[in-house]
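Coordinate analysis (summary)
One letter stands for each residue in the lines below.
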Amino acid sequence: MNTFMASSFGPALPEIILAIGVLVLVLVGAFMGNRSNWIIGTASFALLAAALLAVGLTPPTRTTIFAGSFISDDFARYMKALVLLGSAAAIALSSDFMEREGFARFEYPILILLSTIGMMMMISANDLIALYLGLELQSLAAYVIAAIHRDNVRSSEAGLKYFVLGALSSGMLLYGASLVYGFTGTVSFPGIASSLQGEASIGLILGLVFLSAGVAFKLAAAPFHMWTPDVYEGAPTPVTAFFASAPKAAAMAMAVRLFIGGFPSITESWQQIIVFVSILSMVIGAFAAIGQTNVKRLMAYSSIGNVGYALIGLATGTQAGVQGIIIYMAIYLAMTLGTFALIIGMRRGNQYVETIADLSGAAQTHPWRAFCLAMMMFSLAGIPPLAGFFSKFYIFAAAIQTGQMMLVVLAVIGVLTSVVGAFYYIRVVKIMYFDEPKPGFEKLPDGAQAVLIACSVVVVFFWLIPSPLVDSAAHAARSLFH
């Protein structure tokens, strides 16, 4: 193993493990059909665990392979670990749900694995072509996953909307990449950085705008968020949990790698774009969620707002800002997956319910579930001493430390929109604890229970031992700047 890790393909071992595993699982599924559901689900877990182990064994030194198009460093290792954990949680949340809804298919875990390979490629991409290949592999699998419940009109509609708008965003990103290549003569991020030397032509700025639009779509950041509420509501709940977690972390890592790795000398040029997108995302995420009655649509607007906060860290262009992003995405992953684990448990008889009103009086019928969901809501609102408070603290502190008036104002807007957002998070808690109780839900599935316990521990007890996460995030951020 150590010999292979030191070889020319060693840094890509996690991706190689998943790719070979997927090919084998496709053959197993093709021969055995849906009888292989349990085998493929278990094997998918094993592959994700093996890939996570390989990520841990990857040398911490900065290494490039495949003619410089693939990079391995501490930042890549950290973000890949988050993606792998998010993908494993998505599979854990799905098995019982899909069996009960009658659309359990062996293709689902395989598509999750394919999407995960794409996400890991996005994180390690060191040129525009590798970035696009990773992005499309992740997206194509995601389009199919969104529509995997073929007999459900809402699921099919979600997949179609995601596909059409995703194709548009890919076109914009490709057009931006072609402009950047045309004006710099290279697709490599280090090559682009060295060719600019602090100067940016109008054509290059235009290319940056189109690149930013494509990235913003993948992040579900405003004003390219229009697909998010409909897809989140229409897709099966475990699929929505997946979309809201791992791909968000991968897309944010891709944005950091693209802008800070490729355009460090013209930070002012792309900083204004990121600031605009960040403000719009925070405002829309805060105000549009107030009138929502469906809990999945509420989480869609919540994710839009959270991306806005994370983009504050990117707008700084500093090491502290990247550290803030890494901490934010790790905690966001725990909060989101924990919330969706509880949403999956909203089942009465033969029907899953999704409205916020269905949570009425849950504190009396399910005290522990209500407590966990209340902690997730308070954490998303940024109330101390829960983990969500610290995630926002590191982001806002990084913006204020720069001393730039624009970024200080951005941090202030972030605080104000957090106050507005707290209204709809606390409203969920009020409904659970103070409204008349409705009939109770069924027992929480084992997979959802495991995910909920793990996420609750992170959210509630992060303040006791924050150093492992904070220190490793600092190492990961430092690897981008040295």
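Structure's up top.
Since the structure is predicted, the reported quantities are computational estimates derived from the model, not experimental observations.

1. Topic: the overall build of the protein
For the protein, the count of helices and strands is 21 helices and four strands. If one aligns the C-alpha atoms of the protein with their principal axes, the spans along those axes are about 65 × 55 × 40 Å. Expressed as a percentage of its 482 residues, the buried residues of the protein come to 60%. Accessible surface computed for the protein: about 17,800 Å², of which carbon and sulfur atoms make up 70%. In the protein, the 23 positive side-chain charges and the 22 negative ones have mean positions that sit 3 Å from each other.

2. Examining the packing of helix H5 (residues 107–124) against helix H6 (residues 128–146)
Where H5 meets H6, the axes come as close as 7 Å, and the angle between the chain directions of the two elements is 155°. Accordingly, the angle class assigned to the pair H5 and H6 is roughly antiparallel. Both H5 and H6 take part in a crossing whose hand is left-handed. Between H5, through Tyr-108, Leu-111, Ile-112, Leu-114, Ser-115, Ile-117, Gly-118, Met-119, Met-121 and Met-122, and H6, the contact on the second element is made entirely by Ala-130, Leu-131, Gly-134, Leu-135, Leu-137, Gln-138, Ala-141, Val-144 and Ile-145.

3. Quick word on helix H3 (residues 37–57)
Counted at 1.5 Å a residue, the expected span for H3 with its 21 residues is 30 Å, and the 30 Å between its end C-alpha atoms agrees. Of the positions making up H3, those classed as buried are Asn-37, Ile-40, Gly-41, Ser-44, Leu-47, Leu-48, Ala-51, Ala-54 and Val-55. The buried residues of H3 occupy an angular sector of 140° when projected down its axis, which confines them to one face. Facing away from the buried surface of H3 by more than 90 degrees, the exposed residues are Trp-38 and Leu-53.

4. With respect to the nonpolar core
Judged by nonpolar contacts, the single largest core of 173 residues is most densely connected at Met-79, Phe-263, Leu-314 and Met-329. If one sorts the elements of this core by residue count, helix H15 (residues 319–344) sits on top with 18 residues.

5. With respect to the pattern of salt bridges
Per the stated rule, a full pass over the model turns up 18 salt bridges. For Arg-257, the salt bridge goes to Asp-73, with nearest N and O atoms at 2.9 Å. Residue Arg-257 is found in helix H12 (residues 246–262), and its partner Asp-73 is found in the loop between strand S2 (70–72) and helix H4 (74–101); the two are separated by 184 residues along the sequence. For Lys-296, the salt bridge goes to Glu-354, with nearest N and O atoms at 3.4 Å. Of the two residues, Lys-296 is situated in helix H14 (residues 295–316) and Glu-354 in the loop between strand S4 (351–352) and helix H16 (362–365); the sequence distance between them amounts to 58 residues.

6. Section: unusual backbone geometry
Between Ala-222 and the following residue, Pro-223, the backbone shows a cis peptide bond with an omega angle of 5°. Residue position: Pro-223 is located in the loop between helix H9 (202–219) and helix H10 (228–234). Cis rather than trans, the peptide bond between Pro-384 and Pro-385 has omega equal to 5°. Structurally, the position occupied by Pro-385 is in the loop between helix H17 (367–381) and helix H18 (387–401).

7. What to know about the packing of aromatic side chains
Under the counting rule described, the total for this entry stands at 18 aromatic pairs. Ring centres of Tyr-309 and Phe-396 lie 6.3 Å apart, and the angle between their planes is 80°; this geometry places the pair in the edge-to-face category. Of this pair, Tyr-309 sits in helix H14 while Phe-396 sits in helix H18, and the two are 87 residues apart along the sequence. Since its relative accessible area comes to 11%, Phe-396 is described here as buried.

8. Description of the side chain of Glu-354
Its relative accessible area of 14% is what places Glu-354 among the buried residues. Polar side-chain contacts of Glu-354 include one of 3.2 Å to the side chain of Asn-294. Within the local environment of Glu-354, its side chain forms a polar contact with the side chain of Lys-296, the two groups lying 3.4 Å apart. In this view, Glu-354 contacts Arg-154, Glu-233, Thr-237, Thr-293, Asn-294, Val-295, Lys-296 and Met-346; residues no more than four positions away in its chain are not counted.

9. Observations concerning the layout of surface pockets
In this structure, the largest pocket encloses a volume near 520 Å³. Those elements that provide at least two residues to the lining of the largest pocket are H3, H4, H15, helix H20 (446–461) and helix H21 (467–481). Counting residues per element, the lining of the largest pocket draws most heavily on H4, at nine residues. Residues belonging to the lining of the largest pocket are distributed by class as follows: 21 nonpolar, three polar and two charged.

10. Some words on H17
The end-to-end C-alpha distance of H17, which contains 15 residues, comes to 21 Å, matching closely the 21 Å that a straight helix rising 1.5 Å per residue would cover. Counted residue by residue, H17 has eleven buried out of 15 residues, so it is predominantly covered. Within the sequence span of H17, burial applies to Arg-369, Ala-370, Cys-372, Leu-373, Ala-374, Met-375, Met-376, Met-377, Ser-379, Leu-380 and Ala-381. Looking at the buried side of H17, the elements it contacts are H14, H15, H16, H18, helix H19 (405–434) and H20. Phi turns positive one or two residues past the end of H17, at Gly-382, with a value near 85°.

11. Topic: a nonpolar patch on the surface
Together, Ile-453, Val-457, Phe-461, Trp-463, Leu-464 and Ile-465 make up an exposed nonpolar region whose accessible area comes to about 620 Å². Mapping Ile-465 onto the fold places it in the loop between H20 and H21.

12. A few points about the packing of helix H2 (residues 13–32) against H5
Helices that pack against each other are described as a pair by the angle of their axes relative to one another and the distance between those axes. H5 packs onto H2 with a crossing angle of 160° between their chain directions and a minimal axis gap of 10 Å. The orientation of H2 with respect to H5, classified from their angle, is roughly antiparallel. The hand of the H2/H5 crossing is left-handed. In this structure, H2 contributes Pro-14, Glu-15, Leu-18, Ala-19, Val-22, Leu-25 and Val-26 to the contact, and H5 contributes Ile-110, Leu-113, Leu-114, Thr-116, Ile-117, Met-120, Met-121 and Ser-124. Of the residues that constitute the contact of H2 with H5, the class distribution is twelve nonpolar, two polar and one charged.

13. Observations concerning the side chain of Thr-116
By the secondary structure assignment, Thr-116 is in helix H5. Residue Thr-116 is classed as buried on the basis of its relative accessible area of 0%. Aside from chain neighbours lying at most four places away, what touches Thr-116 is Leu-18, Leu-48, Val-83, Leu-84 and Ser-87.

14. Focus: the state of the cysteines
Summed over all chains, the structure comprises zero disulfides. Unpaired in terms of disulfides, Cys-372 finds its nearest cysteine sulfur in Cys-455, a separation of 10 Å.

Rules used throughout
- Residues numbered from 1 in each chain as written.
- Predicted model: local features only at pLDDT ≥ 70, side-chain atom pairs only at ≥ 80, totals over all residues.
- Heavy atoms only, no water.
- Helix = DSSP H or I, 4+ residues; strand = E, 2+ residues; numbered from the N terminus.
- Buried < 20%, exposed > 50% of the residue type's maximum accessible area, 1.4 Å probe, protein only.
- Areas by Shrake-Rupley, 256 points an atom, 1.4 Å probe, with all protein chains shown as cover.
- Lys, Arg positive; Asp, Glu negative; His and termini not counted.
- Charge placed at Lys NZ, Arg CZ, Asp CG, Glu CD.
- Axes fitted to C-alpha atoms, helices over the stretch in contact; angles between N-to-C directions.
- Parallel < 35°, antiparallel > 145°, perpendicular 65-115°, else oblique.
- Left-handed = near helix turned anticlockwise from the far one by under 90°.
- Contact = heavy atoms within 4.5 Å.
- Expected span 1.5 Å × (residues − 1).
- Arc of directions from axis to C-beta.
- Core = buried A, V, L, I, M, F, W, Y, C linked by side-chain atoms within 4.5 Å.
- Salt bridge = Lys/Arg side-chain N within 4 Å of Asp/Glu carboxyl O.
- Phe/Tyr/Trp six-rings, centres within 6.5 Å; stacked < 30°, edge-to-face > 60°.
- Polar contact = N/O pair within 3.5 Å; in protein donor to acceptor, adjacent residues only side chain to side chain.
- 1 Å grid on protein atoms, 1.4 Å probe; cavity = no way out; pocket = protein on both sides within 12 Å on 5 of 7 lines; lining within 4 Å.
- Points joined across faces, edges and corners; volume = space filled by probe spheres on them.
- Nonpolar A, V, L, I, M, F, W, Y, C, P; charged D, E, K, R; others polar.
- Patch = residues over 30% accessible without salt bridge, like charges linked within 9 Å, V, L, I, M, F, W, Y side chains within 5 Å.
- Disulfide = S-S within 2.5 Å.

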